[in-house]
Amino acid sequence: MKAKDIVDKYISFFEKRGHKRIANSPLVPQNDPTTLFTSSGMQPLIQYFLGEIHPQGKRLVNVQNCFRAADIDEIGDNRHTTFFRMLGNWSLGDPARNASQRDAGGYFKKEQLKWYWEFLTKEIGLLKEKLYVTIFNGFNDISKDNESLKIWTEIFEKEGLNANERIFHYGADKNWWSRAGEPEKMPEGEPGGPDSEVFYLFDVAHDKKYGKECHPNCQCGRFMEIGNSVFMEYQKTKDNKFKPLPQKNVDFGGGVERLLAAVEDQNDVFQTSLFLPIVKSIERVSEKDYRSNHKTMQIIADHLVAAVFITAAGIAPSNKEQGYILRRLIRRGLDNFYKLEGKDIKTILTSIVDQYKETDPPLLVDFEKIKLTIIEEEQIYKSTLSRAKSYIEKKYPSTGSEQVGDEIKGVRKILSDDAFILYSTHGLSPTQIKSLGFLFDEQKFAEKMKEHQKVSRKGAEKKFRGGLADHSEKTIMGHTATHLLHQALRDILGKHVFQTGSNITNERVRFDFNFERKLTDEEIKKVENIINEKIKENLPVHFEIMTLDRAQKLGAIGLFDEKYEDKVKIYFIGNYSKEFCGGPHVEFTGILKRFKILKQENIGHGQRRIYSQVFD
Ligand code: GLY
């Protein structure tokens, strides 16, 4: 069974149980300023957990390409990958809460846990003796998940397994899920809830380095998490407490790469049939073997796979946002490749595209462009390294030769401040700095780094609070303004103009679109005037759910990749704008009072960015 077979079986298993397949959303989110990348299948669905109506109904399924930047430093073990594919099934609304929802097909814990067990043991044939589960033990006012305990106990007893030995209990640090993590980290308004995870046990010895006893959440690699059912039923309130969401939701996520590892009973995901050909290509071009270089090769394989997918999403390496992450991935991948004395990464890129082309055909179409982008970044990196080297060489005269690792090199002892400049200005990691032959006080460097991370984390938290997902009135107003702006730009600049991204905080609205030149002052004025006119007209805003075909006939704009969806949700602003969108929006444009364009920017690749503001 290949990765693709697992995906196909999962989708059809849930389709047979009344789920509608929804599209794999873009890896770089179109309309979610809270994050740089799509990092779980639920992320594009957030508004539906909060009560917006989904055009496909209450049962959804898909496979979603995901990237988790936070895991970059964890790569180099048997199970973490920054890019992965997540299987997801969702129930938007619980049958128990009100009868009309039952008619419309919501479900909750009982169905979810039973179905996933059935999928694992019957559809993909995992041995039941290899499976263990975890449940939520309670947190503050939220009680222990006794319902899941009861359901799992019944499942195990029916299978003739000892439930006590199979069910493990953990607190909110392990068995609670929200986009922000644990309950304390969730911003106001964020949905989350207890979860129940399934683990696969590999037949390998426990490593005591990770603790006396092994257990599902032990980090030794004996257990691997292969699926997480989140019972998304709470919402964070202003006073740091929780209230029940208007509906109880199921949010399931399971990594394809890990399920494949379980199916192949192979505890190293980099040795599964998905990654093995990629690893073999690294072995070939470096003439080194995986066994003695596994960590280095895991990093190369992981980072280059992620780099291929991010480049395919239209991102170019840069010093900002997604581009910066892409740059780090390529450079860290290259460092490890150079460590193995590898010279040509093109062969590895080809083997990556070979492995994914069946499930992700655009990789093949765009392969030349992807390859060029990554190779160009390699050239830029090489000149950065030589510039960094001459910066230090000018500042510090040579002190002769010393032993560094296995090599004798010309070594400079440099101040940690200078090492930090190499990190923050030239983008070199401590390992890269050392490999150039520059030694520094690592403790002092680490302190500086900690300070730096604290500042960037603060930025990230602020960003999280500011997004559309906060669902504050001002942000919702900003969202409606993007629809007016989209249409007004098309009226003034032409019908070939379309939105390529947006980022809405309660302070300003950022809107990206394709257009080849700077807008004139007159064009800006015209766009503002149209929007302010529509605000004055106090147009009603409403949505309709319709077939994709009808939406296209109506000329609705903003349709992305809807290949699996027969029904779509279209938001109308009077007769002025019709746009594909999940919501939420204000009810009347008059709520916006006034709209102003603050500035415009060229963001490259034939795209422009407008910053604007709405006034209430
Ligand atoms: N959304 C559930 C998960 O990512 O585990």
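Keep in mind that what you see is a predicted model, and the values were worked out from it rather than measured.

Would you mind showing me how to read the side chain of Glu-257 here?
As for its placement among the helices and strands, Glu-257 is situated in helix 7 (residues 256-263). Within the buried set, Glu-257 has no salt-bridge partner at all; the shortest N-O distance to an opposite charge, 4.2 Å, is to Arg-85. One polar contact links the side chain of Glu-257 to the main-chain amide nitrogen of Arg-85, over a distance of 3.0 Å.

Just to check I follow, could you spell out the site of the ligand for this structure?
Around the ligand, the surrounding shell consists of Ser-40, Met-42, Arg-68, Met-86, Trp-177, Asn-228, Val-230 and Asp-251. The separation between an oxygen atom of the ligand and a polar side-chain atom of Arg-68 is 3.2 Å. Asn-228 is positioned with one of its side-chain polar atoms (N or O) 3.0 Å from an oxygen atom of the ligand. In the complex, 94% of the free accessible area of the ligand, which totals 200 Å², lies under the protein chains. Taken together, the residues of the shell around the ligand sort by class into four nonpolar, two polar and two charged.

What should I look at first to understand a nonpolar patch on the surface in this one?
Residues Ile-53, Phe-543 and Ile-545 make up a contiguous nonpolar surface patch of roughly 230 Å² in combined accessible area. Relative to the helices and strands, Ile-53 is located in the loop between helix 2 (46-49) and strand 2 (59-67).

Explain the packing of aromatic side chains to me, please; I cannot follow it from the model alone.
Each pair of aromatic rings is reported with the distance of its centres and the angle of its planes. According to the stated counting rule, one finds 31 aromatic pairs in the structure shown. Measuring from centroid to centroid gives 4.7 Å for Phe-37 and Phe-67, while their planes differ by 65°, and the two rings are edge-to-face. Here Phe-37, found in the loop between strand 1 (20-21) and helix 2, pairs with Phe-67, found in strand 2; they are 30 residues apart in sequence, far enough to count as distant. Residue Phe-67 is classed as buried on the basis of its relative accessible area of 1%. Pairwise contacts between aromatic rings join Tyr-10, Phe-13, Phe-14, Tyr-107, Trp-115, Tyr-116, Phe-119 and Phe-252 into one cluster. The ring centre of Tyr-132 lies 4.4 Å from the NZ or CZ of Arg-166, which sits over that ring. Taking NZ or CZ as reference, Arg-594 lies 4.2 Å from the ring centre of Phe-615, over its face.

What exactly am I supposed to notice about the packing of helix 8 (residues 276-286) against helix 11 (residues 346-356) here?
The relative placement of two packed helices is expressed as an angle between their axes plus a distance between the axes. Interaxial distance between helix 8 and helix 11 falls to 9 Å at its minimum, and their mutual angle equals 165°. Classified by the angle between their axes, helix 8 and helix 11 sit roughly antiparallel to one another. Considering how the two elements wind past one another, helix 8 and helix 11 form a crossing that is right-handed. For the pair helix 8 and helix 11, the contacting residues are Pro-277, Ile-278, Ser-281, Ile-282, Arg-284 and Val-285 in the first and Thr-347, Ile-348, Ser-351, Ile-352, Gln-355 and Tyr-356 in the second. The residue makeup of the contact of helix 8 with helix 11, split by class, is seven nonpolar, four polar and one charged.

Honestly, the environment of Asp-145 in this entry has me stumped. Any pointers?
By secondary structure assignment, the location of Asp-145 is in the loop between strand 4 (131-136) and helix 5 (146-158). Setting aside residues up to four positions removed in sequence, Asp-145 forms contacts with Lys-109, Ile-135, Phe-136 and Phe-231.

I keep staring at the side chain of Arg-79 and nothing clicks. Help me out?
Here Arg-79 is to be found in the loop between strand 2 and strand 3 (83-92). Assessed through its relative accessible area of 9%, Arg-79 is described here as buried. Excluding residues that lie within four positions of it along the chain, Arg-79 makes contacts with Gln-219, Gly-221, Met-224, Arg-258 and Val-269.

In this structure, what is going on with a positive patch on the surface? I would like to understand it.
Where like charges cluster on the molecular surface, the positive patch consists of Lys-110, Lys-114, Lys-122 and Lys-158. Mapped onto the fold, Lys-114 is located in helix 4 (residues 109-123).

I would appreciate a short explanation of the packing of helix 9 (residues 294-312) against helix 11 in the present structure.
Packing of helix 9 against helix 11 brings their axes to within 10 Å, and their N-to-C directions diverge by 70°. By the angle class used here, helix 9 and helix 11 are roughly perpendicular. Taken as a pair, helix 9 and helix 11 cross one another with a handedness that is right-handed. Contact residues: Ile-300, Leu-304, Val-305, Val-308 and Phe-309 in helix 9; Ile-348, Leu-349, Ile-352, Val-353 and Tyr-356 in helix 11. In terms of residue class, the contact of helix 9 with helix 11 is made up of 10 nonpolar, no polar and no charged.

The rules behind these values
- Residues numbered from 1 in each chain as written.
- Predicted model: local features only at pLDDT ≥ 70, side-chain atom pairs only at ≥ 80, totals over all residues.
- Heavy atoms only, no water.
- Helix = DSSP H or I, 4+ residues; strand = E, 2+ residues; numbered from the N terminus.
- Buried < 20%, exposed > 50% of the residue type's maximum accessible area, 1.4 Å probe, protein only.
- Lys, Arg positive; Asp, Glu negative; His and termini not counted.
- Salt bridge = Lys/Arg side-chain N within 4 Å of Asp/Glu carboxyl O.
- Polar contact = N/O pair within 3.5 Å; in protein donor to acceptor, adjacent residues only side chain to side chain.
- Near = heavy atom within 4 Å.
- Areas by Shrake-Rupley, 256 points an atom, 1.4 Å probe, with all protein chains shown as cover.
- Nonpolar A, V, L, I, M, F, W, Y, C, P; charged D, E, K, R; others polar.
- Patch = residues over 30% accessible without salt bridge, like charges linked within 9 Å, V, L, I, M, F, W, Y side chains within 5 Å.
- Phe/Tyr/Trp six-rings, centres within 6.5 Å; stacked < 30°, edge-to-face > 60°.
- Lys NZ or Arg CZ within 6 Å of the ring centre and 35° of its normal.
- Axes fitted to C-alpha atoms, helices over the stretch in contact; angles between N-to-C directions.
- Parallel < 35°, antiparallel > 145°, perpendicular 65-115°, else oblique.
- Left-handed = near helix turned anticlockwise from the far one by under 90°.
- Contact = heavy atoms within 4.5 Å.
- Charge placed at Lys NZ, Arg CZ, Asp CG, Glu CD.

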